[in-house]
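Residues per chain are reported as follows:
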Amino acid sequence: ADKGGMEVRPRLKRRNVGQGGKQALGGRPGEDQDAQAAPVMLNFAMLRAHFNLPLNDAAKKLGVCATAIKKVCRKMGIKQWPHRKLKAVEKRLALLTAEHRYAKEEGMVQQCRSEIKELEDKRESLLQGIDCDITGMDNADE
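*Asks:* It is not clear to me how the pattern of salt bridges should be interpreted in this structure. Could you clarify?
*Replies:* Two side chains that carry opposite charge are able to pair once their charged atoms sit near each other. Evaluation of the coordinates by the stated rule reveals three salt bridges. A salt bridge links Arg-92 to Glu-115; the nearest nitrogen and oxygen atoms lie 3.3 Å apart. Of this pair, Arg-92 sits in helix 4 (residues 83-102) while Glu-115 is found in helix 5 (residues 106-127), placing the two residues 23 residues apart along the sequence. Across the salt bridge formed by Lys-117 and Asp-121, the nearest N and O atoms sit 3.1 Å from each other.

What follows is the structure, given as structure tokens:
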């Protein structure tokens with residue numbers, strides 16, 4: 001997968017109410033604006049910095065629509081925006097870390113440590129854009 005930058009054209013702003021005719025509302029962009037918005041360069045590092053946000057929030061911050069980000073992600077080999085999986089891993093990590101603090105038996109402590117290490121690796125691979133399968137996330141309320 002190519003991790004280079006890609007040029008994305010931001011969505012043009014729609015007319016405000018009161019500009020243009022009745023049919024023009026929400027229609028074509030206003031003629032008084034520049035017809036072409038400056039393209040935005042999206043690279044892997046920029047996307048990665050926003051993995052902790054939901055897709056739509058990341059799109060707003062980057063100044064492009066969510067669909068454009070999805071297309072760029074697919075071209076870079078990122079199958080799915082990792083926010084939700086990342087959140088699930090971090091929630092499970094927090095639970096395990098708390099559990100680890102109060103674990104008394106040596107077997108329990110070792111099991112917690114190995115699970116924490118595994119989850120940290122999963123989190124890191126998600127941050128790298130590698131789509132990994134997260135098993136055991138649905139039983140996070142144990």
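*Asks:* Can you walk me through the side chain of His-50 in this structure?
*Replies:* Within the element layout of this structure, His-50 appears in the loop between helix 1 (44-48) and helix 2 (55-62). Of the residues examined, His-50 reaches a relative accessible area of 15% and is grouped as buried. In this structure the side chain of His-50 is engaged in a polar contact, spanning 2.7 Å, whose partner is the backbone oxygen of Met-46. Sequence-distant contacts of His-50, that is, excluding residues within four places in its chain, are made with Ala-58, Lys-61, Leu-62 and Trp-81.

*Asks:* What should I look at first to understand the packing of helix 2 against helix 3 (residues 66-75) in this one?
*Replies:* Interhelical geometry of helix 2 versus helix 3 gives an angle of 100° and a closest axis separation of 8 Å. Classified by the interaxial angle, the pair formed by helix 2 and helix 3 is roughly perpendicular. Along its contact with helix 2, which presents Leu-55, Asn-56, Ala-58, Ala-59 and Leu-62, the element helix 3 presents Ala-66, Ile-69 and Lys-70. Class assignment for the residues of the contact of helix 2 with helix 3 results in six nonpolar, one polar and one charged.

Thresholds applied
- Per chain, the residues get numbers from 1 upward, laid out in the order the sequence is written.
- Per-residue local features are limited, in this predicted model, to residues with pLDDT of at least 70; the limit for side-chain atom pairs, both in listing and counting, is 80 or more; totals at the level of whole chains, interfaces and linings are taken over all residues.
- As a rule here, side-chain values cover all heavy atoms of the structure and leave hydrogens and water aside.
- One speaks of a salt bridge when a side-chain nitrogen belonging to Lys or Arg is within 4 Å of a carboxyl oxygen belonging to Asp or Glu.
- Put simply, DSSP H or I for four residues or longer makes a helix, DSSP E for two residues or longer makes a strand, and each gets a number counted from the N terminus.
- Only protein chains enter the accessibility calculation, which uses a 1.4 Å probe; a residue whose area is less than 20% of its type maximum is buried, one above 50% is exposed, and one in between is partly exposed.
- A 3.5 Å cut-off defines polar contacts: any pair of N or O atoms within that distance qualifies, except that in protein one atom must be a possible hydrogen donor and the other a possible acceptor, and neighbouring residues in sequence count only when both atoms are side-chain atoms.
- Contacts are assigned to residue pairs that have any heavy atoms within 4.5 Å of one another.
- All axes here are fitted lines through C-alpha atoms, helices being fitted over the stretch that makes contact, and every angle between N-to-C directions spans 0 to 180 degrees.
- Note that the term roughly parallel is reserved for angles under 35 degrees, roughly antiparallel for angles over 145, roughly perpendicular for angles of 65 to 115, and oblique for everything else.
- Under the scheme applied, nonpolar residues are Ala, Val, Leu, Ile, Met, Phe, Trp, Tyr, Cys and Pro; charged residues are Asp, Glu, Lys and Arg; polar residues are all the others, including Gly.

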